[in-house]
Amino acid sequence: MMAPRYAVYLMAAVYAGFAAIGTANLLKMSDSSLDSYSSVVLVVCCYAIQMLHCSPYTQRLRARYGRWTLWLQAFIAFAPVQTGHQSGIMCGFLAGAATVILGPRLGWFLFGLITSAVVLIALAEDGDFLTTLFMALATCAVGLITFALSRLGDLVFDLHRRRAETAWVAVSKERVRFTQDLHDVLSYSLSAITLKSELSYRLIGTNDERARRELSESLEITRRTLAEIRSVVHGNRRMLLSKEIELASRVLDSAGLAVTVQGEFDKVEPRVSGVLAVVLREAVTNLLRHSQATRCRIQLRRHSTLRGRTIRLSVSNDGASGSLAPLAAERRGSGLDNMAARLEAVDGSLRTSADGGWFRLEAECPLLQQEPTPAPTAFEPCSSPGPESRQPSERN
């Protein structure tokens, strides 16, 4: 708030200096104490109206009442003429205020009209060329300085307001970013840790080796979650689709789902890879929390379209059946909205559908740069499921 105040203080000081000069000139030409008192009152009133017209804090008032108060200022500016005198300072205030309130066309027209009126009055009073020139120059100079100071105050005020708005927008964006990243980390990780902990609890006493393996993976996920939370706090979180597909496969294996993975996940442009990794994580989280699926297919394919090359990630599961199938495709929540927002940031799109008991989620976005074509390699699982899985895992 200090910058606008300094601009107003500067404006008030300059106007006060001009008002003092105008008061001194009128007092010098006054023939009686009544004329002196009236001159001081007129200059003070003109100064107050001038601050009302030109201060950046009165933008709304002058936009609403400025045309009416301008008439009052015109009466005060030319009032000394009735006593045989005139003030170039007060007429300059009036000319500058007209350009501020009435806009460029009408304002500058009145600026010239007021200057012309001052010249004609000076010629009519004594006809002295130097006096007339002085009155015209004083009116123009004070009017231009008035206009410049008013615009300077408005610019400083608007710049200060825009800086405050920019700071608020930056804070809001950071809050949204932190919320989205924290949702991505905790919703998936807590679901995976809960699933593996429950599985380990059931396996204790029957298959201790598998239970230890599941607990070991739970600890690994916990450590990874702590590291991701630290990266979220510092704003340098990075996710890779290739690592995310490995973790997703292991979690789905632990849940007893038959998982089919197709595609090459290790040669994806980093920005697209991070967005698709978030989509995959959220899709797996929703699968574990909101469905009773037994099979899951994860596919990554590249396509060539008229708009260029695109990459499409699809995650399908057989957890949408019966009367819930139509609702599965239409349901929207914070997770799906989060995925859609992240895809829109890279000109991508998100689609969901349910057909034949299968729920399908597709995320598609353009490739941002030409990718090298890697040699085809088979997908190697990070860990093989134990015999307790409900169905054997499929790897294509």
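Conventions and cut-offs
- Residues numbered from 1 in each chain as written.
- Predicted model: local features only at pLDDT ≥ 70, side-chain atom pairs only at ≥ 80, totals over all residues.
- Heavy atoms only, no water.
- pLDDT = per-residue confidence, 0-100.
- Contact = heavy atoms within 4.5 Å.
- Disulfide = S-S within 2.5 Å.
- Buried < 20%, exposed > 50% of the residue type's maximum accessible area, 1.4 Å probe, protein only.
- Axes fitted to C-alpha atoms, helices over the stretch in contact; angles between N-to-C directions.
- Helix = DSSP H or I, 4+ residues; strand = E, 2+ residues; numbered from the N terminus.
- Parallel < 35°, antiparallel > 145°, perpendicular 65-115°, else oblique.
- Left-handed = near helix turned anticlockwise from the far one by under 90°.
- Nonpolar A, V, L, I, M, F, W, Y, C, P; charged D, E, K, R; others polar.
- Patch = residues over 30% accessible without salt bridge, like charges linked within 9 Å, V, L, I, M, F, W, Y side chains within 5 Å.
- Areas by Shrake-Rupley, 256 points an atom, 1.4 Å probe, with all protein chains shown as cover.
- Salt bridge = Lys/Arg side-chain N within 4 Å of Asp/Glu carboxyl O.

1. Here we look at the confidence of the model for the protein chain
So, point 1. Per-residue confidence for the protein chain gives a mean pLDDT of 77, with 83% of residues at or over 70.
So, point 2. Segment residues 369-396: pLDDT under 50, and 58 contacts once partners within four positions in sequence are set aside and those in other chains are kept.

2. Some words on the state of the cysteines
Each disulfide is one covalent bond, formed between the sulfur atoms of two cysteines.
So, point 1. Within the structure shown, the criterion is met by zero disulfides.
So, point 2. Left without a disulfide partner, C91 is nearest to the cysteine sulfur of C46, which lies 8.5 Å away.
So, point 3. What makes C91 buried here is its relative accessible area of 0%.

3. Side note on the packing of helix α3 (residues 59-78) against helix α4 (residues 88-102)
So, point 1. Closest axis-to-axis distance for the α3/α4 pair is 10 Å, and the angle between their directions is 160 degrees. It follows from the interaxial angle that α3 and α4 lie roughly antiparallel. Crossing geometry of α3 relative to α4 is assigned as left-handed. Facing R62, G66, R67, L70, Q73, A74, I76, A77 and F78 of α3, the residues of α4 in contact are M90, C91, F93, L94, A97, A98, V100, I101 and L102.
So, point 2. Classifying every residue of the contact of α3 with α4 by side-chain character gives 14 nonpolar, two polar and two charged.

4. Looking at a nonpolar patch on the surface
So, point 1. A cluster of nonpolar side chains, F129, L130, L133 and L137, forms an exposed patch at the surface whose accessible area comes to about 440 Å².
So, point 2. Inspection of the secondary structure puts L137 in helix α6 (residues 129-203).
So, point 3. Given the relative accessible area of 51%, L137 is considered exposed.

5. Some thoughts on the pattern of salt bridges
So, point 1. The tally for this structure, following the rule as stated, stands at 13 salt bridges.
So, point 2. Taking the shortest distance from any N to any O, the salt bridge between R151 and D154 comes out at 3.4 Å. A residue pair is termed a helical-turn pair when its members lie 3 or 4 positions apart in one helix, as R151 and D154 do in helix α6 at three residues.
So, point 3. Among the residues examined, R151 registers a relative accessible area of 31% and is labelled partly exposed.
So, point 4. D154 sits in the buried class, given a relative accessible area of 6%.

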